[in-house]
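# What the coordinates show
Letter by letter, the chains look like this.
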Amino acid sequence: MSAVSMQMTEDQFLCSICLDVFTDPVSTPCGHNFCKACITLEHLDINVPSQCPNCKKLFSTRPELQVNTFISEMAAQFRQSAQQKASSSSSEQQAARPGEVPCDICTGTKLKALKSCQVCLVSYCETHLKPHLTRSGLKRHQLIDPVENLEDRMCTKHDKLLELFCKTDQMCVCMLCTTSDHKNHDVVPLKEEYEGKKAELEKTDDEVQQMIQKRRLKIQEMKHSVELSEEDGNKEISVGVQVFSALKESVERSQAELIDTIKEKQRKTEKQAEGFIKELEQETCELKKRSTEVEQLSRSEDHLHLLQSFRTLKAAPPTKNWTGVRVSPPSCEGTVRRALTQLEETLSNQMEKAEATVELKRVQRSAVDVTLDLDTAHPDLIVSYDEKQVKLSKVEQHLPDNPERFDTSLSILAKQSFSSGRFYYEVQVQWKKDWTLGVVRESVNRKGRNTMSPQNGSWTICMLNENEYSALADPDIRLSLKSHPQKVGVFVDYEEGLVSFYDVDAAALIYSFTGCCFTEKLYPYFSPDTACSVFCLYKHSYPLIISPVVEQPFDVQQKDNVLEFM
């Protein structure tokens, strides 16, 4: 018997009504087996005429049920075997923990449910879920991830499954609801509304993720700003320490020189007084000797001796008229004031240099890579292979006259254009006697002569006649520079409307165009020579060189003698 039962499948021992192992199995006249209670209570007692649940055969009279002894014994053995397997399986499966959905079929220890059936409204563990995975009738049931309170998925009014969604009232309904309270409403299957809402949720999630990403970027931006602030602060501290250290050294050196100057004047006065005193003491000594001789002779009672000695008495020693001779104390009036004034000028110069250096370091952080555009170059200009240098060509070049090319002005533009933000680049102008640098708008006139000015779309400065500098603004603005720039930095802040030029080596601002209104793309502009250079047979034509930006170190320059005293 045991061997035979092992060869039979699990489905053969399950009642098709309760879907569990037979309890008191009975057979109908048509040959199908059911639990006695299932077939009696759920079919024979309520259906007239009687009908077999499996084959749907009708019985005119209530059929006589026969106890199936063979099935009963086999079911008992199978139930025992199933209980042993379930006991072994339950030891392997996890018991439901707090917060997890338990199996509704398990007795004793409730195992963790794997699925819930929306048709049966029951949650199943792995063992009790098997019929839904194997029996054809149960496979059509909709299984979902385990959930509690499956009764909440039933319509409280009609006790039917909530399988529709009323868009009008925005609520879940059953089939019978559509014929009563929700009649003529916009009702769709629950799955359709689910997919729509899921798409909305996915869209919302995408929007939320974008908002999160934007905030993460903003956080990074703020952190970067903090880092830049800290970096700028450290640089300011470094510059401040150097400036104040230099100031301290200047003050200490000035104090020492002030003391030395005053003491030197005192030494000169003392030396002068010592000379006068020595001279006076010598005259006094000689006068004392003559006084002694005169006194001794005047005491003589010998008339002849006095008269004879008077003739031989030494003449009075030469003496100096000391009436107008004075030793005046040294005058130090104004010395301290002059020292402080010169010290103040020194500090002011150092602070200006420090501020200019910090400003230059700030704009250098906006450095961009700039290369020259051959298609814009005047035919008399030659560009290097790396497109970083431009100068006058000694050989006439025949180039196509395209719309972008300058045909009169010895000019060339960069390939790169800028329509927002900040940018900075540096150009070496060493040894050149004339040049023009800056930026121009995209629509700047490239044919014929062009007056360079902001009104005509150019913001440039130039050097003429070796030492004359101007900002080209119609009329031009003459610039007074303390030194001749060897390298010029050009900085543009598009939104602020600012174009600034710097002497890189001196860390000094040359000139700024402010309040500019930019509405087009801006291009870096270069002119290595003026027209007069062409007429002078290309003499001394050195190139303009676009240089890599290297941050200049801060250095406080001091003279050996910061202060001079009168």
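The structure we're discussing is the one just above.
Fair warning: this is a prediction, and the values are worked out from it, not measured in the lab.

We now examine the side chain of Ser458. Among the structural elements, Ser458 can be located in strand S17 (residues 458-464). Within the local environment of Ser458, its side chain forms a polar contact with the backbone nitrogen of Ser453, the two atoms lying 2.8 Å apart. Sequence-distant contacts of Ser458, defined by excluding residues within four places in its chain, comprise Val439, Val440, Met452 and Ser453.

Here we take up the sheet that holds strand S8 (residues 143-144). Pairing in this open sheet of 3 strands is antiparallel, and the strands run S7-S6-S8 from one edge to the other. For this open sheet the edge positions go to strand S7 (122-124) and S8, each flanked by a neighbour on one side alone. For strand S6 (residues 115-117) and S8, the ladder comprises 2 bridges, and the chain directions are antiparallel. Of the residues in S8, the one forming a bridge with Cys117 is Leu143. Each of S6, S7 and S8 is contacted by helix H4 (residues 126-134), which is oriented at about 110° to S7, the strand it contacts most.

Attention now goes to the nonpolar core. Counting 40 residues, the largest nonpolar core has Trp435, Phe513 and Phe526 as its most contacted members. Aside from chain neighbours lying at most four places away, what touches Phe513 is Pro454, Trp459, Thr460, Ala471, Leu472, Ala473, Gly497, Leu498, Val499 and Phe501. Listed in part, the 18 residues of the second largest apolar core include Leu14, Val26, Cys38 and Phe78.

A few words now on the environment of Thr178. Within the secondary structure, Thr178 sits in the loop between strand S10 (171-173) and strand S11 (187-189). Using a relative accessible area of 24% as the deciding quantity, one classes Thr178 as partly exposed. Contact partners of Thr178, with chain neighbours within four places excluded, come to Leu164, Val173, Lys183 and Val187. At 2.5 Å, the side chain of Thr178 forms a polar contact with the backbone oxygen of Met175.

Across the 7 residues of strand S16 (residues 435-441), 6 count as buried, placing the element largely inside the fold. Sheet topology note: the S16/S17 ladder contains 6 bridges and is antiparallel. Bridging across to S17, Thr436 finds its partner in Cys462. Here S16 runs beside strand S23 (residues 522-527); their pairing, made up of 6 bridges, is antiparallel. Residue Gly438 lies in a different strand from S23, and its bridge partner there is Tyr525.

At the junction of Asp474 and Pro475, the peptide bond is cis and its omega measures out at 5° in the coordinates. Within the secondary structure layout, Pro475 lies in the loop between strand S18 (468-472) and strand S19 (477-479). Notably, Asn184 is not glycine yet its phi reads approximately 65°, a positive angle. Along the chain, Asn184 falls in the loop between S10 and S11. A positive phi angle, close to 50°, is found at Asp474, a residue other than glycine. Inspection of the secondary structure puts Asp474 in the loop between S18 and S19.

Moving on, we get to the side chain of Thr371. Along the chain, the position of Thr371 falls in the loop between helix H8 (335-364) and strand S12 (381-383). Setting aside anything within four residues of it in sequence, one finds Thr371 in contact with Glu387, Lys388, Ala414, Lys415 and Gln416.

A word on the environment of Cys120. Within the secondary structure, Cys120 is located in the loop between S6 and S7. For the pair Cys120 and Leu138, spaced 18 residues apart in sequence, the C-alpha to C-alpha distance is 9.5 Å. Leave out the neighbours within four places in its chain, and Cys120 touches His132 and His141.

Moving on to a negative patch on the surface. Taken together, the side chains of Glu202, Asp205, Asp206 and Glu207 present a region of like negative charge at the surface. Within the secondary structure layout, Asp206 lies in helix H6 (residues 190-298).

It is worth spelling out the pairing of strand S22 (residues 508-513) at this point. Across 5 bridges, the pairing between strand S21 (residues 498-503) and S22 is antiparallel. Across the sheet, the residue bridging to Phe501 is Tyr511, located in S22. As consecutive antiparallel partners, S21 and S22 are separated by 4 residues, and within that stretch Ala507 has a phi angle of approximately 50°, a positive value.

Rules and cut-offs
- Residues numbered from 1 in each chain as written.
- Predicted model: local features only at pLDDT ≥ 70, side-chain atom pairs only at ≥ 80, totals over all residues.
- Heavy atoms only, no water.
- Helix = DSSP H or I, 4+ residues; strand = E, 2+ residues; numbered from the N terminus.
- Polar contact = N/O pair within 3.5 Å; in protein donor to acceptor, adjacent residues only side chain to side chain.
- Contact = heavy atoms within 4.5 Å.
- Pairing = 2+ DSSP bridges.
- Axes fitted to C-alpha atoms, helices over the stretch in contact; angles between N-to-C directions.
- Core = buried A, V, L, I, M, F, W, Y, C linked by side-chain atoms within 4.5 Å.
- Buried < 20%, exposed > 50% of the residue type's maximum accessible area, 1.4 Å probe, protein only.
- Patch = residues over 30% accessible without salt bridge, like charges linked within 9 Å, V, L, I, M, F, W, Y side chains within 5 Å.
- Areas by Shrake-Rupley, 256 points an atom, 1.4 Å probe, with all protein chains shown as cover.
- Salt bridge = Lys/Arg side-chain N within 4 Å of Asp/Glu carboxyl O.
- Lys, Arg positive; Asp, Glu negative; His and termini not counted.
- Charge placed at Lys NZ, Arg CZ, Asp CG, Glu CD.

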